[in-house]
Amino acid sequence: MPLALDTLRSCLNLPSRAAWLRCLAWLLATLRPYGPYPFLILQGPPGSGKTFAARILRCLIDPSTAPLSPIPYTARDLLLLARHNWILAFDHVSALSPPLTDALCRLASGLGAASHETSRATTHPLLQYYKRPVLLTVTERWSCPRDLAERAFIITLPPLDPARRSTEIALLTAFEQAWPAILGALCAAISTALTRLPQMNLPSGKSADVLAWAMAASPALGCSEDEMRQALTPPPPPHPMVEVVRALIEQRRQWTGTATELLDLLQPVVSCQTPKGVSQQLKTCMLTLADYGIELKFRHLHGKKRIIELREEPGGASVPKNPPDAPPDFHAPPQPTETEELKS
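These figures come from a predicted structure and were not determined experimentally. (Residues numbered from 1 in each chain as written. Predicted model: local features only at pLDDT ≥ 70, side-chain atom pairs only at ≥ 80, totals over all residues. Heavy atoms only, no water.)

Chemist: What is the right way to look at the overall build of the protein chain in this model?
Modeler: Counting its regular elements, the protein chain contains 14 helices and nine strands. Evaluated residue by residue, the protein chain yields a buried proportion of 43% over its 344 residues. For the protein chain, the share of sequence-separated contacts (at least 6 apart) that also reach a separation of at least 24 residues comes to 66%. Per element, the accessible surface of the protein chain, about 18400 Å² overall, is 55% carbon and sulfur. (Helix = DSSP H or I, 4+ residues; strand = E, 2+ residues; numbered from the N terminus. Buried < 20%, exposed > 50% of the residue type's maximum accessible area, 1.4 Å probe, protein only. Contact = heavy atoms within 4.5 Å. Areas by Shrake-Rupley, 256 points an atom, 1.4 Å probe, with all protein chains shown as cover.)

Set out below in structure tokens:
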């Protein structure tokens, strides 16, 4: 990878290489003249560098005296910004109204609008067609609308390490000195993409145009096509059973009981209707649960009663807090220990 791109990455508080590749793919997409364009959404706690990263990325491609602005209230205001800017960058977004969400989605893939050149409505308005790249930094209250999420690359920035925190002046100085070389590296990547695109088997699916463009440019970015594809194509959501078990173990750290007791505890969230169905779904999800640091065991008491054990693996991955769609609490009584079950 060109040294200039390493300099750019060092100015951004990105959490992983996959996040960096999503960032590069968005930058390359902004240099395409015809779209469609993905959204880039930067989220994270206060003090994670979202706003600074957005300023850097916006000014790299589309310099402006006001690189970031508040989200407009109406679609008309959005179109006015689109007439005067190539990249639309909005800071500290907490929520979007349905009409504005719809206008943003249409703007990313192509939006036709009639505008009047004078303050008064005219008989023959000027018809214009807009496509624009969009960048958002969002607050912790943000909940991404589904239509927007389908078109977005989302990056979650971690809190800045105080020991490694640098001044904005130092970061901006390093960026400005490398700016010409960064643009040169991106132009070299575009040249590579234009050369390779006609020879490639083009991908399909979500953001296929953006993915094809980024994969074609991947040799100039120091990554493989597969690595770029994986960075831009998030894994499918886990099975609903995994989500509710994660929520259960996050609250209790361990659970022991029968499949019947687990079914009563998890309903109506899980889709299965029988204890046998619970056991089968758990077996199917065993490897995924292990990836989340949850150990699953089946055993028999006295050769008759079949017991399920779920617990957080010692030293394993921490079990995250309840996902949004999981039940907020489980009100079943505490489960007996193995010793108590044997006594009974």
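Chemist: Hey, could you run me through the packing of helix α2 (residues 17-30) against helix α8 (residues 208-217) in this one?
Modeler: For any two helices packed against each other, the geometry comes down to the angle between their axes and how far apart the axes lie. One way to put it is that α2 packs onto α8 with a least axis distance of 9 Å and a crossing angle of 105°. Taken together, the axis directions place α2 and α8 in an arrangement best described as roughly perpendicular. Contact residues: Ala25, Leu28 and Ala29 in α2; Val210, Trp213, Ala214 and Ala217 in α8. In terms of residue class, the contact of α2 with α8 is made up of seven nonpolar, no polar and no charged. (Axes fitted to C-alpha atoms, helices over the stretch in contact; angles between N-to-C directions. Parallel < 35°, antiparallel > 145°, perpendicular 65-115°, else oblique. Nonpolar A, V, L, I, M, F, W, Y, C, P; charged D, E, K, R; others polar.)

Chemist: Any chance you could explain the sheet that holds strand β1 (residues 39-43) here in plain terms?
Modeler: Backbone-to-backbone hydrogen bonds pair the strands of a sheet. The strands run either parallel or antiparallel. Spatial ordering of the open sheet is given by β2-β5-β1-β6, a layout of four strands whose pairing is parallel. Of all strands in the sheet, those with a lone pairing partner are β2 (88-93) and β6 (152-156), marking the two edges. In this sheet, adjacent strand axes meet at a mean angle of 15° when their direction is disregarded. In this structure, β2 lies alongside strand β5 (residues 134-138), joined through four bridges in parallel fashion. Bridge pairing in β5 links Leu88 to Val134. (Pairing = 2+ DSSP bridges.)

Chemist: Is there a simple way to explain the nonpolar core in this structure?
Modeler: Here is a general trend for soluble globular proteins: nonpolar side chains tend to be buried in one another's company. Among the nonpolar cores identified, the biggest contains 55 residues, and Leu8, Leu12, Trp20, Ile182, Leu221 and Met228 are the most heavily contacted of them. Among the elements of the structure, α1 (3-10), α2, β1, α3 (50-61), β6, α7 (168-196), α8 and α9 (225-232) are those that each provide at least two residues to this core. Looking at which element gives the most residues to this core, the answer is α2, with 10 residues. Grouped together as the second largest cluster of nonpolar side chains are 22 residues, Trp255, Cys272, Leu289 and Leu296 included. (Core = buried A, V, L, I, M, F, W, Y, C linked by side-chain atoms within 4.5 Å.)

Chemist: Looking at this structure, I do not really get α2. What am I missing?
Modeler: In an α-helix there are 3.6 residues to a turn, and that puts residues three or four apart on one side. Between its first and last C-alpha atoms α2 spans 20 Å; for 14 residues at 1.5 Å apiece the expected length is 20 Å, and the two agree. Of all 14 residues making up α2, 12 are buried, and the element is well covered by its neighbours. Among all positions of α2, only Ala19, Trp20, Leu21, Arg22, Cys23, Leu24, Ala25, Trp26, Leu27, Leu28, Ala29 and Thr30 are buried. (Expected span 1.5 Å × (residues − 1).)

Chemist: Could you clarify how one ought to interpret the pattern of salt bridges in this entry?
Modeler: Applying the stated criterion to the full structure yields 10 salt bridges. Of the charged contacts, one joins Glu312 and Arg253 as a salt bridge, the two residues approaching to 2.8 Å between their closest N and O atoms. With Glu312 in strand β9 (residues 305-312) and Arg253 in the loop between α10 (240-252) and β7 (254-257), the pair connects residues that are 59 residues apart, well separated along the chain. Taking relative accessible area as the criterion, Glu312 reaches 22% and is therefore assigned partly exposed. Among the ionic pairs, Glu295 bridges to Arg311, the shortest N-O distance being 2.7 Å. Of this pair, Glu295 sits in strand β8 (residues 294-301) while Arg311 is found in strand β9, placing the two residues 16 residues apart along the sequence. By relative accessible area, Arg311 is classed as partly exposed at 32%. Overlapping salt bridges, with partners in common, bring together Glu295, Lys297 and Arg311 in one network. (Salt bridge = Lys/Arg side-chain N within 4 Å of Asp/Glu carboxyl O.)

Chemist: Just to check I follow, could you spell out the packing of aromatic side chains for this structure?
Modeler: Two aromatic rings are characterised by how far apart their centres lie and by the angle between their planes. Taken as a whole, this structure holds two aromatic pairs when the rule is applied. Ring geometry for Tyr37 and Trp86: centres 5.6 Å apart, planes at 85°, overall edge-to-face. One end of the pair, Tyr37, is in the loop between α2 and β1; the other, Trp86, is in the loop between α4 (75-84) and β2, and 49 residues separate them in sequence. Since its relative accessible area comes to 3%, Tyr37 is described here as buried. Overall, the relative accessible area of 26% leaves Trp86 in the partly exposed class. Sitting above the plane of the Trp213 ring, Arg32 keeps its charged end 5.5 Å from the centroid. Lying over the aromatic face of Phe298, Lys283 brings its terminal NZ or CZ to 5.6 Å of the ring centre. (Phe/Tyr/Trp six-rings, centres within 6.5 Å; stacked < 30°, edge-to-face > 60°. Lys NZ or Arg CZ within 6 Å of the ring centre and 35° of its normal.)

Chemist: Explain the sheet that holds β8 to me, please; I cannot follow it from the model alone.
Modeler: Sheet architecture is open: three strands sit in the order β7-β9-β8, paired in antiparallel fashion. Unpaired on one side and paired on the other, β7 and β8 mark the two borders of the sheet. Across this sheet, the average inter-strand angle for adjacent strands is 10°, counted without regard to direction. Examined bridge by bridge, β8 and β9 share eight bridges and lie antiparallel to one another. Counterpart to Lys297 in the pairing with β9 is Glu309. The sheet contacts of helix α12 (residues 275-284) involve β8 and β9, and relative to β8 the element is tilted by about 135°.

Chemist: Sorry, what's going on with the layout of surface pockets here?
Modeler: By rolling a water-sized probe across the atoms, one finds the places where empty space is left. A volume near 490 Å³ is recorded for the second largest pocket. Contributing to the lining of the second largest pocket are 18 residues, with Asn13, Leu160, Arg164, Ser166 and Leu171 lying nearest its centre. At the level of elements, α3 and α7 are the ones that each hand at least two residues to the lining of the second largest pocket. (1 Å grid on protein atoms, 1.4 Å probe; cavity = no way out; pocket = protein on both sides within 12 Å on 5 of 7 lines; lining within 4 Å. Points joined across faces, edges and corners; volume = space filled by probe spheres on them.)

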